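# Architecture at a glance
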Amino acid sequence: MIAAPMDASVSNSFDASLTFQIEGVSVRGRLVRLGRELEHILKPHAYPQPVAEILAETLCLSATLASALKYDGLFSLQTQSDGPVSLMVADVTSQGAMRGYARFDGPRVEALSDIASAPVVRLLGAGHMAFTVDQGSHTERYQGITDLDGANISDCAHHYLRNSEQLESAIWLAADVGTEPDFAHARAGALMVQRMPPAPGADPADEDDDWRRAVALLSSLTRAELLDPALSSEDLLFRLYHEDGVRVFESRPLFHRCRCSREKVASTIKSFPAEEILDAQGRAEVVCEFCKKTYHFEEAELEQIKGADNCANSA
Ligand SMILES: [Zn+2]
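The notes below deal with the structure included here.

Conventions used here
- Residues numbered from 1 in each chain as written.
- Predicted model: local features only at pLDDT ≥ 70, side-chain atom pairs only at ≥ 80, totals over all residues.
- Heavy atoms only, no water.
- Pairing = 2+ DSSP bridges.
- Helix = DSSP H or I, 4+ residues; strand = E, 2+ residues; numbered from the N terminus.
- Axes fitted to C-alpha atoms, helices over the stretch in contact; angles between N-to-C directions.
- Contact = heavy atoms within 4.5 Å.
- Parallel < 35°, antiparallel > 145°, perpendicular 65-115°, else oblique.
- Left-handed = near helix turned anticlockwise from the far one by under 90°.
- Nonpolar A, V, L, I, M, F, W, Y, C, P; charged D, E, K, R; others polar.
- Buried < 20%, exposed > 50% of the residue type's maximum accessible area, 1.4 Å probe, protein only.
- Phe/Tyr/Trp six-rings, centres within 6.5 Å; stacked < 30°, edge-to-face > 60°.
- Lys NZ or Arg CZ within 6 Å of the ring centre and 35° of its normal.

## Considering the sheet that holds strand S9 (residues 187-195)
The strand order across the open sheet formed by five strands is S8-S9-S2-S1-S10, and the pairing between neighbours is antiparallel. Both edges of this open sheet fall to strand S8 (169-176) and strand S10 (246-253), since each of them pairs with a single strand only. Across the sheet, the axes of successive neighbouring strands diverge by a mean angle of 15°, strand direction being ignored. Packed onto the sheet, helix H2 (residues 49-67) meets strand S1 (16-22), strand S2 (27-34), S8 and S9 and runs at close to 145° relative to S8.

Below, the structure written as structure tokens:
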């Protein structure tokens, strides 16, 4: 229970997901805020500002939905669509390691106007958003999919949550990547509330009122508050839900870490014919789409990788 606003650990409020419960009502929530780690994800890419912002919101959505799931492995959110931003991937492991990127057509993005009013419509266009949970090769993959239906990423998330068998939920997302080079001071946030099963003996009418109030208060949160680095997450929740009281549970760190490796890249490129990947000097260069790390392979090394694989297959 938070008795009064706190002023400590303000900087610790970002790059974390926080679980909370509104006191006395069957409503639970998640607050995700990204700062420095978001900067690390965006920095290697020359994203136009609106592309960086829609990707930042998508990363927050991914982290928020993942934080509400019990899983051990990888949660991945992917959009595919026919607009200037044709693909976005945002994934997060159960340990909190995040990565993501957007594939975009620069001139098409530049030609757009009035993006802020309907970023999904303008930037993504028509397509879908898919959610995957991968818990290793011996378990079933869970996949949910929804059309990109709405003006912004919050709308699309609502559309998905309404049509899936999830708990009744409301979510609010915002991002501000700023105008500084390399996305220094980029920030994004998400607040989600979920209606839990009613307490035994609870009056359904009261439960409905509680839920409507929780959603109304969520809607009263401003973008400035959600993204304010000087406002701790505890203070933010206290400001919104102080009438009922709010109980804050664990805060889990979120951090940028790409999972690419030389071995993984080698295993991907070995299936391609040599003439497709080797340049005139007999070298192959592969760039990770997430973190932009470059991997170089010599022809002899590639042959060795393929040779080792053939031996393994015939054994
Ligand atoms: Zn990488």
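## Description of the packing of H2 against helix H5 (residues 153-163)
Between H2 and H5, the least distance of the axes is 10 Å, while the angle of their chain directions is 30°. Taken as axis vectors, H2 and H5 run roughly parallel relative to one another. Every pair of crossing elements has a handedness; the one defined by H2 and H5 is right-handed. Counting all contacts with H2, which are made through Ile54, Glu57, Thr58, Leu61 and Leu65, the residues of H5 involved are Ile153, Ala157, Tyr160 and Leu161. When the residues that make up the contact of H2 with H5 are grouped by side-chain class, the tally is seven nonpolar, one polar and one charged.

## Description of the pairing of strand S3 (residues 74-81)
Burial within S3 is extensive, with six of its eight residues counted as buried. Bridge count between S3 and strand S4 (residues 85-93): seven bridges; the pairing is antiparallel. Residue pairing across strands places serine 76 opposite aspartate 91, the latter belonging to S4. Where S3 hands over to S4, the hairpin turn is made up of three residues, counted between the paired strands. Bridge count for S3 against strand S6 (residues 127-134) is eight bridges, and the pairing is antiparallel. Residue pairing in the sheet places serine 81 in a bridge with glycine 127 of S6.

## Topic: the packing of aromatic side chains
Within the structure shown, the criterion is met by six aromatic pairs. When the centroid spacing of 6.4 Å and the interplanar angle of 45° are considered together, the rings of phenylalanine 75 and phenylalanine 131 count as tilted. Taken together, the residues span a long stretch of sequence, with phenylalanine 75 in strand S3 and phenylalanine 131 in strand S6 at a distance of 56 residues. Assessed through its relative accessible area of 2%, phenylalanine 75 is described here as buried. Positioned above the aromatic ring of phenylalanine 290, the side-chain terminus of arginine 99 is 3.6 Å from the ring centre. Across from the ring centre of phenylalanine 297, 4.2 Å away, lies the NZ or CZ of arginine 262, which sits over that ring.

## Description of the environment of alanine 68
Following the sequence through the fold, alanine 68 ends up in the loop between H2 and S3. Overall, alanine 68 belongs to the partly exposed group, its relative accessible area being 30%. Along the chain, alanine 68 and tyrosine 101 lie 33 residues apart, while their C-alpha atoms are 23 Å from each other. For alanine 68, the contacting residues outside a window of four places in its chain are Arg30, Met192 and Gln194.

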